[in-house]
Amino acid sequence: MTDCVFITGATSGFGRAAAHRFAAAGWSLVLTGRRLERLEALKEELQGQVPVHIVALDVRDSDAVDTAVAALPEGFTRVRTLLNNAGLALAPQPAQKVDRRDWHTMIDTNVTGLVNVTHALLPTLIDVGEGATIVNVGSIAGQWPYPGSHVYGASKAFVKQFSYNLRCDLLGTGVRVTDLAPGIAETEFTLVRTGGDQAASDALYSGTTALTAEDIAEQMFYISTLPPHINFNRLEVMPTRQAWSAFAIDYDE
Ligand SMILES: NC(=O)C1=CN([C@@H]2O[C@H](COP(=O)(O)OP(=O)(O)OC[C@H]3O[C@@H](n4cnc5c(N)ncnc54)[C@H](OP(=O)(O)O)[C@@H]3O)[C@@H](O)[C@H]2O)C=CC1
Ligand SMILES: O=CCS(=O)(=O)O
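About the criteria used
- Residues numbered from 1 in each chain as written.
- Chains lettered and ligands numbered in written order.
- Predicted model: local features only at pLDDT ≥ 70, side-chain atom pairs only at ≥ 80, totals over all residues.
- Heavy atoms only, no water.
- UniProt positions renumbered as here; feature names shortened; annotations may be inferred.
- Buried < 20%, exposed > 50% of the residue type's maximum accessible area, 1.4 Å probe, protein only.
- Helix = DSSP H or I, 4+ residues; strand = E, 2+ residues; numbered from the N terminus.
- Pairing = 2+ DSSP bridges.
- Right-handed = clockwise from strand over helix to strand, strands pointing away.
- Contact = heavy atoms within 4.5 Å.
- Salt bridge = Lys/Arg side-chain N within 4 Å of Asp/Glu carboxyl O.

- As annotated in an unreviewed UniProt entry, the protein is SDR family NAD(P)-dependent oxidoreductase from Chromohalobacter canadensis.
- UniProt annotates the protein under Sequence similarities (unreviewed entry) with the comment "Belongs to the short-chain dehydrogenases/reductases (SDR) family."

### Here we look at the pairing of strand S5 (residues 133-137)
- Extensive coverage of S5 is indicated by the burial of five of its five residues.
- Neither face of S5 is open: one carries Thr-133, Val-135 and Val-137, the other Ile-134 and Asn-136, and all of them are buried.
- Sheet analysis places strand S4 (residues 79-84) next to S5, joined by four bridges and oriented parallel. Within S5, the position partnered with Asn-84 by the bridge is Asn-136.
- Regarding the hand of the β-α-β motif, the stretch spanning S4, helix H4 (residues 100-128) and S5 is right-handed.
- Relative to strand S6 (residues 176-182), S5 runs parallel, the two being bridged by five bridges. Within S6, the residue paired with Val-135 across the bridge is Thr-178.

### A closer look at the UniProt feature "domain: Ketoreductase" (unreviewed entry) in the protein
- When the UniProt feature table is mapped to this numbering, "domain: Ketoreductase" (unreviewed entry) covers residues 3-187.
- Across residues 3-187 one finds 44% helix and 19% strand; the C-alpha atoms that close the span lie 27 Å apart.

### Quick look at the side chain of Ser-28
- Residue placement: Ser-28 occurs in strand S2 (residues 28-33).
- Excluding residues within four positions of it along the chain, Ser-28 makes contact with Thr-2, Asp-3, Cys-4, Val-5, Pro-51, Gly-75 and Phe-76.

### Focus: the pattern of salt bridges
- According to the stated counting rule, one finds 10 salt bridges in the structure shown.
- For Arg-78, the salt bridge goes to Asp-127, with nearest N and O atoms at 2.7 Å. In this pair, Arg-78 sits in the loop between helix H3 (62-70) and S4 while Asp-127 sits in helix H4, placing the two residues 49 residues apart along the sequence.
- Classification of Arg-78 as partly exposed rests on a relative accessible area of 35%.
- Judged by its relative accessible area of 55%, Asp-127 falls in the exposed class.
- A cluster of three or more residues bridged by salt bridges with shared partners is formed by Arg-35, Arg-38 and Glu-188.

Here's what the structure looks like:
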């Protein structure tokens, strides 16, 4: 039987690139995301290569997540790697100017959505045991503060600590857990964060060398295929052209 990967947020960016990377290695794919037409297009691209099952799924809906997992067809039930990748940032302005609904959407997606999918797939992953892997996509924003990160960064700090705490509870099951924390990577992330501002997205990525979705997909694949006795607890990946900045200080006028 081929290995099977369950990917949330497969319709774009890291998730879509991961679908291609795991397919290239012969893994069966469970591809999820809200945009069905994109899932169908991806299935069309990859089904000549490997078995592909698609489910239009909003990770915030715990009943839908449970139903999707319970209804996995034969050949897709033995999920060996879970890529908890679906997520988003919204509202890049300062906290005091943000619409509270944007905060709720980030928490509902990046925190509640991620735990929904984890909860639904834990019995399967534990059953698979040795070599089973959960890759939780965190962010440098979960470790390092910056203006405009507010709830987004806090949600990714949750992802980090949840990953570490899962490790404790899963000790002895063979299931690995990694907080994969990328820095700046060119995907649709900034388009979403800015509410569809293509110029802002282009400006952020132009004149530097950001990570690509394929770079992160490669790390996802690497983490998932390490010898089973190795667990990367956290993998923080930045482009060479990104680093930290100085502390900000509020001076008198
Ligand atoms: N790009 C970057 O610089 C970085 C991104 N990240 C994280 O990486 C992950 C992937 O982002 P990236 O590929 O960059 O961004 P994209 O916007 O390109 O992709 C985000 C994916 O998440 C899915 N998604 C969003 N909300 C939901 C939802 N409610 N239910 C199901 N799927 C959802 C989207 O699918 P759909 O809309 O079809 O539902 C889409 O497939 C995110 O968790 C992000 O926070 C971390 C560090 C850096
Ligand atoms: O998570 C995304 C990377 S950043 O925008 O916070 O640097």
